[in-house]
Amino acid sequence: MSQAGTTRAEGAALEAGGILTIDLAAIAANYRDLASRAAPAHCAAVVKGDAYGLGIEPAVSALARAGCDTFFVALFDEALKLRTVLPEATVYVLNGLHPGTAAAFRDIDVEPVLGSLAEIEEWDAFAREAGEKLTAAIHIDTGMRRHGLAPTEAEALAGKSFAFEPSLVMSHFACADEPAHPMNKKQIKDFRALAARFKGIPASLANSPALLALPDARFDLVRPGVALYGGRALLKGDNPMRPVVRLELRIIQVREAASGDTVGYSATQTLKRDSRIAVVSAGYADGIPRASGSTDKKKGAEAIVGGRRCPILGRISMDLISIDVTDLPAGAVRRGDFATLLGDGIGVDDLAEPGGTVGYEVLTRLGRRYHRVYKGG
C-alpha cells in the first residue's frame, strides 16, 4: 500500500465516531467448531443480511477457507454478491422465487428455496422449457407459519416427477433457542415424517440453537447463522462461540454534572450524585438500540472505559451516548479516548437485552458510519 493510502486509512480511523473490528479468524473458528459438532451432517453457513451485518464478501471468503461450500442468503442480490466471490459454491436463496426471475437464478447458478405451489410450478415450467435439469430446495412449514408449503401440500408433492431436481427438503424451527420447548419435538417428528416421503433427497432442519442443543434435528445438513458471528444462539447457558465483533466509540467530551441533574431526552434519568460523564460519538443511527439506555426505573447497557464497566446514562440519542465514568480516577478519561461497547466480555446480546431485543438485530444493524477493520483473514 502506498504511503498516501496508509495515511488515508489512518485518517479515516481518526475521523470516525467508532471503530468496528471484525475478526474473520473467529468466524472461521466458529464454523469449524459447529461443523465438528454437526458431523456427520454437512455444515452450511447462513450469510443473509450481509452476513448478519458484518460484510458478506469478507465473511464468505473466510468461511470458504474454513471448508464451507454451501451458503444460504435471503435475497437474490445477496446471492449475486456471494457469487462474485465464490463462483463454485452451492448457494440457496431462502426468500424464494419472485415472479419472472427464474432466468436470473439460472444465469448465476443459484438455487431458490421454493415455499409455495406457485413457486414450484413456475420453476418447474422454466426448467421444462429450458430443457435443463435445474435444482432447487423445497421448504415445508412445520410451525413458523411463514414462507413454506403446508404439510398437506408437501405430502401431495412427495414422489411427484418434476422437470427440475429437488436438491434439499427443509423446514425451520420456531422455538429452538429454548431446547425444552415442546414444539421442538413436534417439529422434529413432523419434519422427519414429511422428509421421508421425499426419498433420496437430503433433509435440513437445524439452525444454530438446534445444532448446539437438539442432536435429533441435524439430519443431513445444518444451517448455522448467528452462532457463526459470535451471537448467543440459546436463551440460557454459556455461549460456546468465539466473539467476532469489537466496537470502540470515540469519546468527544468529558463533563461534570450535579446531583439532581437529568440526562438525555425526556429527562428519564436523574443523577443521584455529582457525576462525571463521558460523551461518545455514536447512537441509534449506528445500530445501537435506543432502548438500551438507562432510566430511573431501568438499568441500561454498559461500556468499558478505562478498563472497567461503566453504565450508560439516559436515553441513547441518534448520534450520542452518555456514559457514567464517575468511579474512574480523575484524569483517567480524556477527549479522544475510546469506550468499548462490544468486546472485552460485552457481547451483542448484552447490548441487546436492556433494549428488549436480541443479538441478531444488533449485529444486522451495526451502522456504516463506523470505520471497519477486518483482521484474521
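Everything in this summary refers to the structure shown in the same document. Counting starts from 1 at the beginning of each chain's written sequence and moves along it residue by residue. The predicted origin of the model limits local features to residues at a pLDDT of at least 70 and limits the giving and counting of side-chain atom pairs to 80 or more, whereas totals for whole chains, interfaces and linings rest on all residues. Note: side-chain values were computed over all heavy atoms of the structure, leaving out hydrogens and water.

1. A few points about the overall build of the chain
Thought 1: The helix and strand labels rest on DSSP assignments: H or I over at least four residues marks a helix, E over at least two residues marks a strand, and numbering proceeds from the N terminus. When its secondary structure is counted, the chain shows 12 helices and 19 strands.
Thought 2: Across its three principal axes, the chain shows a C-alpha extent of roughly 75 × 55 × 35 Å.
Thought 3: Summary of the burial criterion: residues with accessible area below 20% of their type's maximum are buried, those above 50% are exposed, and those between are partly exposed, where the area comes from a 1.4 Å probe applied to protein chains only. Residue burial in the chain is summarised as follows: out of 377 residues, 52% are buried.
Thought 4: Every residue pair with non-hydrogen atoms within 4.5 Å of one another is taken to be in contact. The long-range fraction of contacts in the chain, counting pairs at least 24 apart against all pairs at least 6 apart in sequence, stands at 67%.
Thought 5: Of the roughly 17,100 Å² of accessible surface on the chain, a fraction of 51% belongs to carbon and sulfur atoms.
Thought 6: Only four residue types enter the charge count, namely Lys and Arg as positive and Asp and Glu as negative; His and the chain termini do not. Here the site of a charge means NZ on Lys, CZ on Arg, CG on Asp, or CD on Glu. Here the chain contributes 44 positive and 45 negative side-chain charges, whose respective centroids are spaced 5 Å apart. All accessibility values rest on the Shrake-Rupley procedure with a 1.4 Å probe; residue burial counts only the protein chains present in the view.

2. Some details on the pairing of strand S7 (residues 135-139)
Side chains on a regular strand alternate between the two faces of the sheet.
Thought 1: Where burial is concerned, most of S7 is hidden: 4 out of the 5 residues are buried.
Thought 2: Handedness of the strand S6 (residues 111-114)-helix H7 (residues 117-130)-S7 crossover: right-handed.
Thought 3: Two strands form a pair only when DSSP identifies at least two bridges running between them. Pairing geometry for S7 and strand S8 (residues 165-170), over 5 bridges, is parallel. Bridge assignment links Thr-135 to a residue of S8, and that residue is Glu-165.
Thought 4: When the strands point away from the viewer and the path from the first strand over the helix to the second turns clockwise, the crossover is right-handed. Read as a crossover between parallel neighbours, the route from S7 over helix H8 (residues 151-157) to S8 is right-handed.

3. What to know about the packing of helix H2 (residues 24-38) against helix H4 (residues 56-65)
Thought 1: Close contact between H2 and H4 brings their axes to 9 Å; oriented N to C, the two are set at 45 degrees. Judged by the inter-axis angle, H2 sits oblique to H4. Helix-helix and strand crossings are classified by hand; for H2 and H4 the assignment is right-handed. Taking contact as the criterion, the partners of Leu-24, Ile-27, Ala-28 and Tyr-31 in H2 are, on H4, Pro-58, Ala-59, Ala-62 and Leu-63.
Thought 2: For the contact of H2 with H4, a count of residues per class yields 8 nonpolar, no polar and no charged. Axis lines are fitted to C-alpha atoms, over the contacting stretch for helices. Their N-to-C directions set the angle, which ranges from 0 to 180 degrees. Angles below 35 degrees are treated as roughly parallel, those above 145 as roughly antiparallel, those between 65 and 115 as roughly perpendicular, and all remaining angles as oblique. Left-handed describes a crossing whose near helix is turned anticlockwise from the far helix by less than a right angle; the clockwise case is right-handed. Under the convention adopted here, Pro, Cys and the residues Ala, Val, Leu, Ile, Met, Phe, Trp and Tyr are nonpolar, Asp, Glu, Lys and Arg are charged, and Gly plus all remaining residues are polar.

4. Here's the deal with the side chain of Asp-141
Thought 1: If you trace the backbone, Asp-141 turns up in the loop between S7 and H8.
Thought 2: Polar contacts, as counted here, are pairs of nitrogen or oxygen atoms within 3.5 Å of one another; within protein the pair requires one atom able to donate a hydrogen and one able to accept it, and residues that are adjacent in sequence qualify only if both atoms are side-chain atoms. At a separation of 2.9 Å, a polar atom in the side chain of Asp-141 contacts the main-chain amide nitrogen of Met-144.
Thought 3: Once residues lying within four places of it in the same chain are set aside, the contact partners of Asp-141 are Arg-146, Gly-148, Leu-149, Pro-151 and Ser-171.

5. A few points about the environment of Tyr-374
Thought 1: Turning to its location among the elements, Tyr-374 is positioned in strand S19 (residues 371-375).
Thought 2: Relative accessible area serves as the criterion here: at 33%, Tyr-374 is assigned to the partly exposed category.
Thought 3: Residues in contact with Tyr-374, not counting those within four places in the same chain, are Ile-22, Leu-24, Leu-54, Gly-55 and Pro-58.
Thought 4: Only 2.6 Å separates the side chain of Tyr-374 from the backbone oxygen of Leu-54, close enough to count as a polar contact.

6. Structural notes on the pattern of salt bridges
Where charged atoms from two side chains of opposite charge approach closely, those side chains can pair.
Thought 1: The salt bridge definition used is simple: a Lys or Arg side-chain nitrogen within 4 Å of an Asp or Glu carboxyl oxygen. For the coordinates displayed, the defined rule picks out 19 salt bridges.
Thought 2: The residue Asp-141 makes a salt bridge to Arg-145 at a minimum N-O spacing of 3.4 Å.
Thought 3: Here Asp-141 falls in the buried class, since its relative accessible area comes to 10%.
Thought 4: Using a relative accessible area of 65% as the deciding quantity, one classes Arg-145 as exposed.

7. Structural notes on the nonpolar core
Thought 1: For this analysis, a nonpolar core means a set of buried residues of the types Ala, Val, Leu, Ile, Met, Phe, Trp, Tyr and Cys, connected via side-chain atoms within 4.5 Å. Core analysis: the largest hydrophobic core is formed by 117 residues, its most contacted members being Val-47, Leu-63, Phe-71, Tyr-229 and Ile-323.
Thought 2: Broken down by element, this core gets its largest block of residues, 7 residues, from H2.

8. Here's the deal with the side chain of Arg-276
Thought 1: Relative to the helices and strands, Arg-276 resides in strand S14 (residues 275-280).
Thought 2: Taking relative accessible area as the criterion, Arg-276 reaches 18% and is therefore assigned buried.
Thought 3: Reaching out from Arg-276, the side chain makes a polar contact with the backbone oxygen of Leu-328 at a distance of 3.0 Å.

9. Some points on the packing of H4 against helix H5 (residues 76-85)
Thought 1: Put simply, H4 and H5 touch, their axes get as near as 9 Å, and they point 50 degrees apart. Judged on the interaxial angle alone, H5 and H4 are oblique. Along this stretch, H4 crosses H5, giving a crossing that reads as right-handed. From H4, Ile-56, Glu-57, Val-60 and Ser-61 reach across to H5, where they touch Glu-78, Lys-81, Leu-82 and Val-85.
Thought 2: Of the residues that constitute the contact of H4 with H5, the class distribution is 4 nonpolar, 1 polar and 3 charged.

10. With respect to unusual backbone geometry
Residues other than glycine predominantly adopt negative phi, and peptide bonds predominantly adopt the trans conformation.
Thought 1: A cis amide bond links Ala-39 with the next residue in sequence, Pro-40, at an omega value of 10 degrees.
Thought 2: Structurally, the position occupied by Pro-40 is in the loop between H2 and strand S2 (42-43).
Thought 3: At Ala-51, a position not held by glycine, the phi torsion is positive, near 55 degrees.
Thought 4: By secondary structure assignment, the location of Ala-51 is in helix H3 (residues 48-52).
Thought 5: By relative accessible area, which is 0% here, Ala-51 ends up buried.

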